[in-house]
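# An overview of the molecular structure
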Amino acid sequence: MDEREALARLADSLPSAGDDCAVVGDRVLTTDMLHETTDFPAGVDRYTAGWRAVGASLSDVAAMGADAEAAVAAYGAPRFDPEEVDEFVRGAREVCGAVGAEYVGGDLDRHDEFTVATTALGATDDPVRRGGAARGDVVCVTGTVGRSAAALRAFERGDAERGNDLFRFTPRVAAGVALRPYATAMMDSSDGLARSLHQLVAASDTADLGMDVTESAVPVDGAVDDLFDDPDDRREAALFFGEDFELVFTLPSDAVDAARAASPTPFATVGNVTWDGVRMDGDPLPDRGYGHGGGDSEGDTGGDGNGRSE
């Protein structure tokens, strides 16, 4: 089984799963696992690894519209280099500080490859779930997409400085909290924009829901144009690569102005919630995105991309 198939198999025994975080009382909880071979390309320094690993879990908290409170990490590696461990913790602490959370520790263990498992805790008494989109809503995306694909291309070209800079993202916690009163459905885009749209449709409480987005409205990061020459490669980076950790959400059309005024992060309206199927400019948009254990296939058990489960 690939990851998507494995998680679908577990769905019956995990009926509370399906969102970016598990909801436990007035808290949200998420956990993630990242590996050197699949998540940290050659050139990623330990500071960036700490920032990105913990940031991925904080992004799940953001997707629920929750205030981020704390994070921990389990750090496994073939050997413990003092400077690498220090830099990892510095990155973890600083990404927490960027969103008003606290890095409170974790665990160390020997492992045959560099591997990190992170957990983040957030607080809200009114979480935004994935299933609330309704026909007539608009579809929105914070920030820009394609940044992580551009980072990978920079690493491939030997530009580690730019790659690390692009790989460090600010989790959209403040935006998630600001959007919470307005958003009808929300998740993060770690699986890629296309797959996120399919996941929101699949999670909907409304039967035969669909989305139609406009490709020219998708906010593509400027680094994609800088680092990709081929138009097909740029499209792949923007729509399917994933790992950008932006918020993908729906809003009632009459709430867009208020939500835009409230959000500290700009967002683009890229389409509308419609009747059936996910389309881009009227044509079917493939359900394809980032995944572990089976190429680009991906799924969820209460978490989002990269096998996140809560």
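Keep in mind the model is a prediction, meaning the values are calculated, not measured. (Residues numbered from 1 in each chain as written. Predicted model: local features only at pLDDT ≥ 70, side-chain atom pairs only at ≥ 80, totals over all residues. Heavy atoms only, no water.)

### As for the UniProt feature "binding site: Mg(2+) 4" (unreviewed entry) in the protein chain
In this numbering, the UniProt entry assigns the feature "binding site: Mg(2+) 4" (unreviewed entry) to Asp20, Thr30 and Asp60. Across 41 residues, the annotated set stays spatially compact, with a maximum C-alpha separation of 7.2 Å. Position of Asp20 relative to the elements: it lies in the loop between α1 (3-10) and β1 (22-24). On the accessibility criterion, Asp20 (0% relative accessible area) is buried. With respect to the helices and strands, the residue Thr30 is situated in strand β2 (residues 27-35). For Thr30, a relative accessible area of 1% gives the class buried. Within polar-contact distance, the side chain of Thr30 engages the backbone oxygen of Asp20 at 3.5 Å. (UniProt positions renumbered as here; feature names shortened; annotations may be inferred. Helix = DSSP H or I, 4+ residues; strand = E, 2+ residues; numbered from the N terminus. Buried < 20%, exposed > 50% of the residue type's maximum accessible area, 1.4 Å probe, protein only. Polar contact = N/O pair within 3.5 Å; in protein donor to acceptor, adjacent residues only side chain to side chain.)

### What to know about the environment of Glu161
Residue position: Glu161 is located in helix α6 (residues 160-167). As for Glu161 and Gly43, which are separated by 118 residues in sequence, their C-alpha atoms are 8.4 Å apart.

### Overview of the pairing of strand β3 (residues 67-77)
Pairing of β3 with strand β5 (residues 115-123) involves nine bridges; the strand directions are antiparallel. Paired with Tyr75 across the strands is Val116, a residue of β5. Across seven bridges, the pairing between β3 and strand β4 (residues 102-110) is parallel. What sits directly across from Ala70, in β4, is Glu102. In terms of handedness, the path from β3 via helix α4 (residues 82-98) over to β4 forms a crossover that is right-handed. (Pairing = 2+ DSSP bridges. Right-handed = clockwise from strand over helix to strand, strands pointing away.)

### Some points on the packing of helix α3 (residues 46-63) against α4
Close contact between α3 and α4 brings their axes to 6 Å; oriented N to C, the two are set at 40°. In this view, α3 runs oblique relative to α4, as classed from their interaxial angle. Regarding α3 and α4, the two cross each other, and that crossing is right-handed. Contacts from Arg46, Tyr47, Ala49, Gly50, Trp51, Val54, Gly55 and Leu58 of α3 reach α4 at Glu84, Glu87, Phe88, Arg90, Gly91, Ala92, Glu94, Val95, Cys96 and Ala98. Its residues assigned to classes, the contact of α3 with α4 shows 10 nonpolar, three polar and five charged. (Axes fitted to C-alpha atoms, helices over the stretch in contact; angles between N-to-C directions. Parallel < 35°, antiparallel > 145°, perpendicular 65-115°, else oblique. Left-handed = near helix turned anticlockwise from the far one by under 90°. Contact = heavy atoms within 4.5 Å. Nonpolar A, V, L, I, M, F, W, Y, C, P; charged D, E, K, R; others polar.)

### Focus: a nonpolar patch on the surface
Where nonpolar side chains cluster on the molecular surface, the patch consists of Val24, Leu29 and Leu121 and spans about 220 Å² of accessible area. Within the secondary structure layout, Val24 lies in strand β1. (Patch = residues over 30% accessible without salt bridge, like charges linked within 9 Å, V, L, I, M, F, W, Y side chains within 5 Å. Areas by Shrake-Rupley, 256 points an atom, 1.4 Å probe, with all protein chains shown as cover. Salt bridge = Lys/Arg side-chain N within 4 Å of Asp/Glu carboxyl O.)

### Quick look at a negative patch on the surface
On the surface, a cluster of negative charge is made up of Asp229, Asp230, Asp232 and Asp233. Residue Asp229 is classed as exposed on the basis of its relative accessible area of 64%. (Lys, Arg positive; Asp, Glu negative; His and termini not counted. Charge placed at Lys NZ, Arg CZ, Asp CG, Glu CD.)

### Quick notes on the sheet that holds strand β8 (residues 210-213)
Here seven strands make up an open sheet; going across it, the order is β7-β9-β6-β10-β8-β11-β12 and the pairing mixed. With one partner strand each, in any of the chains shown, β7 (185-188) and β12 (283-284) form the two edges of the open sheet. Note that β7 and strand β9 (residues 247-251) share four bridges and pair antiparallel. Across the sheet, the residue bridging to Met187 is Val248, located in β9. Packed on one face of the sheet, helix α8 (residues 193-203) meets β6 (138-142), β7, β8, β9 and β11 (277-280) and runs near 145° to β7.

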